[in-house]
Amino acid sequence: MIFVLRSERAPSRVLREVDETGVIRTYWLWRHGAWALVCRLRDGELVSAASATLRMRMHTSEGVTVVKIEERPLVPTVPAPSEPRAEPISSVHPVAAISPEIGQPAELEPDGRDVDEARRAQLGRG
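Please read these numbers as outputs of a predicted model, since none were measured by experiment. (Residues numbered from 1 in each chain as written. Predicted model: local features only at pLDDT ≥ 70, side-chain atom pairs only at ≥ 80, totals over all residues. Heavy atoms only, no water.)

Chemist: I'd love a proper account of the environment of Val75, names of residues and values included.
Modeler: Note that Val75 resides in the loop between strand S7 (64-71) and helix H1 (117-123). Residues Val75 and Thr53 lie 22 residues apart in sequence; the distance between their C-alpha atoms is 10.0 Å. (Helix = DSSP H or I, 4+ residues; strand = E, 2+ residues; numbered from the N terminus.)

Chemist: I'd like to hear about the side chain of Thr26, residue by residue, with values.
Modeler: Relative to the helices and strands, Thr26 resides in strand S3 (residues 24-29). A residue is classified by how much of its surface remains accessible, and Thr26, at 1% relative accessible area, is buried. Ignoring sequence-local partners within four residues, the contact set of Thr26 consists of Phe3, Val14, Leu15, Arg16, Ala36, Leu37 and Val38. (Buried < 20%, exposed > 50% of the residue type's maximum accessible area, 1.4 Å probe, protein only. Contact = heavy atoms within 4.5 Å.)

Chemist: Tell me about the pairing of strand S6 (residues 54-61), and please be specific about residues and values.
Modeler: Across eight bridges, S6 lies against S7 in antiparallel orientation. Paired with Leu54 across the strands is Glu71, a residue of S7. (Pairing = 2+ DSSP bridges.)

Chemist: Can you tell me about the sheet that holds S6, naming the residues and giving the values?
Modeler: With respect to topology, three strands assemble into an open sheet ordered S1-S7-S6, the strand pairing being mixed. With partners counted over all chains shown, the strands left at the sheet margins are strand S1 (2-7) and S6, one partner each. Across this sheet, the average inter-strand angle for adjacent strands is 20 degrees, counted without regard to direction. (Axes fitted to C-alpha atoms, helices over the stretch in contact; angles between N-to-C directions.)

Chemist: Got a sec to walk through the environment of Glu70? Specific residues and values, please.
Modeler: By secondary structure assignment, the location of Glu70 is in strand S7. Residue class for Glu70 comes out buried when judged on its relative accessible area of 17%. Linking Glu70 and Leu54, residues 16 residues apart in sequence, is a C-alpha distance of 5.7 Å. Other than its neighbours up to four places away in sequence, Glu70 contacts Glu8, Thr53, Leu54, Arg55 and Arg57.

Chemist: Pulling in residues and values, what's your account of the nonpolar core?
Modeler: One finds Phe3, Trp28, Trp30, Ala34, Ala36, Val38, Leu54, Val67 and Ile69 forming the largest nonpolar core, which totals nine residues. At the level of secondary structure, the elements contributing two or more residues to this core comprise strand S4 (35-40) and S7. Beyond its immediate sequence surroundings of up to four residues, Val67 is in contact with Phe3, Val4, Leu5, Arg6, Trp28, Val38, Met56, Arg57 and Met58. (Core = buried A, V, L, I, M, F, W, Y, C linked by side-chain atoms within 4.5 Å.)

The following block contains the structure:
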C-alpha cells in the first residue's frame, strides 16, 4: 500500500512506519502545526484522522491510495465591531477616578526586642 499526498502546501515532515502487528501508518506534519494520519490495518481497512484545520479525502485505485488535503478557510473568532451610533456622543463625559492619598510617614513604635540601649533611652523606656 502506497500513500500519495496531494496538498496545497507540502508537509515539513513525513513519517512512515509498520508496527509489529502489521499496521501501516503514514503521518504528515506541516510547519504551522497541522497534521494528517492514515493507517492501513491488517485486514486492509483504511483509518484516517486529521487536525481540525484540514479537510482530508482519500481515493484508492490499483493498490495506491491518494490522500488529498485542503486547508479549511479560517473562521474569525473575534466578533466584528459594532455598528456606529446614529447619534453623536456628547463631548462631556463624567470621569471617575481613584487617586490614592499619600500620607505622612508614621513614627515606628519598636516593641523592645531589637532595640539597642541608646534607642531605648531616646524613647524614654530605658
